[in-house]
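Architecture at a glance
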Amino acid sequence: MLEDKAINIKKYRDLMLVLASGVMSSTAVVGPAMHGRADGASVRFMHGRADGASVRFMHGDPQEIALLEAAEAVELEDTRGDYEALQLGAFSKQKGRAIAGYKIGNKAVYYARGSVDSILEICSHVLLEGKAKKMTESEVWSVREIAKATELKGNTVIALAVKRTLVGKPSVEKDFMLVGLVSTSNSLDERSRETIQHLS
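Before going into details, it helps to say that this report is about the structure given with it.

Quick notes on the layout of surface pockets
One water molecule sets the probe size; rolling that probe over the atoms shows where empty space is left. Approximately 320 Å³ is the volume found for the second largest pocket. As for the second largest pocket, its lining consists of 14 residues, and the residues nearest its centre are Val-126, Leu-127, Leu-128, Val-143 and Gly-180.

Here is the structure:
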């Protein structure tokens with residue numbers, strides 16, 4: 001068992017970077033439900049269920065929420081609040097992607113999230129077993145084929161990329177490193193079915 005873990009440690013690190021990129025590029029919020037305050041401060045409302053199940057506050061795009069929950073499931077901490085934001089990750093429908101930037105140490109780190117084609121447009125490198133390498137045309141073709149095969153199954157594919165540069169340099173949408181693809185299922189879970197049945 002320990003040998004299996006040692007063999008897969010590079011893949012595990014790559015997965016953590018993929019999930020971290022999903023979190024850092026997100027503008028969604030997931031957390032415990034909160035009640036409003038009399039002083040008019042921002043309010044998060046959620047209502048509990050009759051069976052006493054735990055209640056959570058979720059705000060944002062469903063795909064972004066799915067990425068946050070996946071990171072939470074493997075106990076990956078959301079550190080967006082720990083760094084100075086240089087650029088918010090608002091999604092551009094025209095470009096098909098979102099890019100968020102943070103000052104981390106003496107570096108500016110940009111996290112990109114979007115459709116496969118839109119992210120490949122700005123990537124020159126790819127992450128393979130923990131190392132960045134120049135992406136070849138063959139690798140670009142392979143990424144697109146993997147995405148197509150996944151989408152044919154009815155899933156949505158999100159591409160994630162990272163770029164590190166010096167603080168103060170203009171944010172240019174090129175020379176990113178593709179860190180991975182994430183597939184999200186479009187099927188309803190049991191909680192969704194229960195809510196729909198309750199509302200209908």
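Here we look at the pairing of strand E9 (residues 156-166)
Where burial is concerned, most of E9 is hidden: eight out of the eleven residues are buried. The pairing of strand E6 (residues 107-114) with E9 spans eight bridges and is antiparallel. Residue pairing for E9: Tyr-110 is matched across the bridge by Lys-163. Direction of pairing for E9 relative to strand E10 (residues 176-184): antiparallel, over a ladder of seven bridges. Residue pairing in the sheet places Leu-160 in a bridge with Gly-180 of E10.

Some details on the nonpolar core
Among the nonpolar cores identified, the biggest contains 19 residues, and Ile-119, Phe-176 and Leu-178 are the most heavily contacted of them. Elements that contribute at least two residues to this core include exactly E6, helix H4 (116-120), strand E7 (123-128), helix H5 (137-151), E9 and E10. Counting residues in each nonpolar core, the second largest holds 14 residues, with Val-18, Met-24, Tyr-111 and Leu-160 among its members.

A few points about the pattern of salt bridges
Side-chain pairs of opposite charge can arise whenever the charged atoms involved come near each other. For the coordinates displayed, the defined rule picks out eight salt bridges. Across the pair Glu-173 and Lys-95 runs a salt bridge, and its minimum N-O distance is 3.1 Å. Here Lys-95 lies in the loop between strand E4 (91-92) and strand E5 (97-104) and Glu-173 lies in the loop between E9 and E10, a separation of 78 residues in the sequence. Owing to a relative accessible area of 27%, Glu-173 belongs among the partly exposed residues under this scheme. For Lys-95, a relative accessible area of 41% translates into the label partly exposed. Close ionic contact of Arg-144 with Asp-117 constitutes a salt bridge, the shortest N to O distance being 2.7 Å. Highlighted residues: Arg-144 in helix H5 and Asp-117 in helix H4, separated in sequence by 27 residues. Through salt bridges that share partners, Lys-95, Arg-97, Glu-121 and Glu-173 make up one connected network.

How each quantity is defined
- Residues numbered from 1 in each chain as written.
- Predicted model: local features only at pLDDT ≥ 70, side-chain atom pairs only at ≥ 80, totals over all residues.
- Heavy atoms only, no water.
- 1 Å grid on protein atoms, 1.4 Å probe; cavity = no way out; pocket = protein on both sides within 12 Å on 5 of 7 lines; lining within 4 Å.
- Points joined across faces, edges and corners; volume = space filled by probe spheres on them.
- Buried < 20%, exposed > 50% of the residue type's maximum accessible area, 1.4 Å probe, protein only.
- Helix = DSSP H or I, 4+ residues; strand = E, 2+ residues; numbered from the N terminus.
- Pairing = 2+ DSSP bridges.
- Core = buried A, V, L, I, M, F, W, Y, C linked by side-chain atoms within 4.5 Å.
- Salt bridge = Lys/Arg side-chain N within 4 Å of Asp/Glu carboxyl O.

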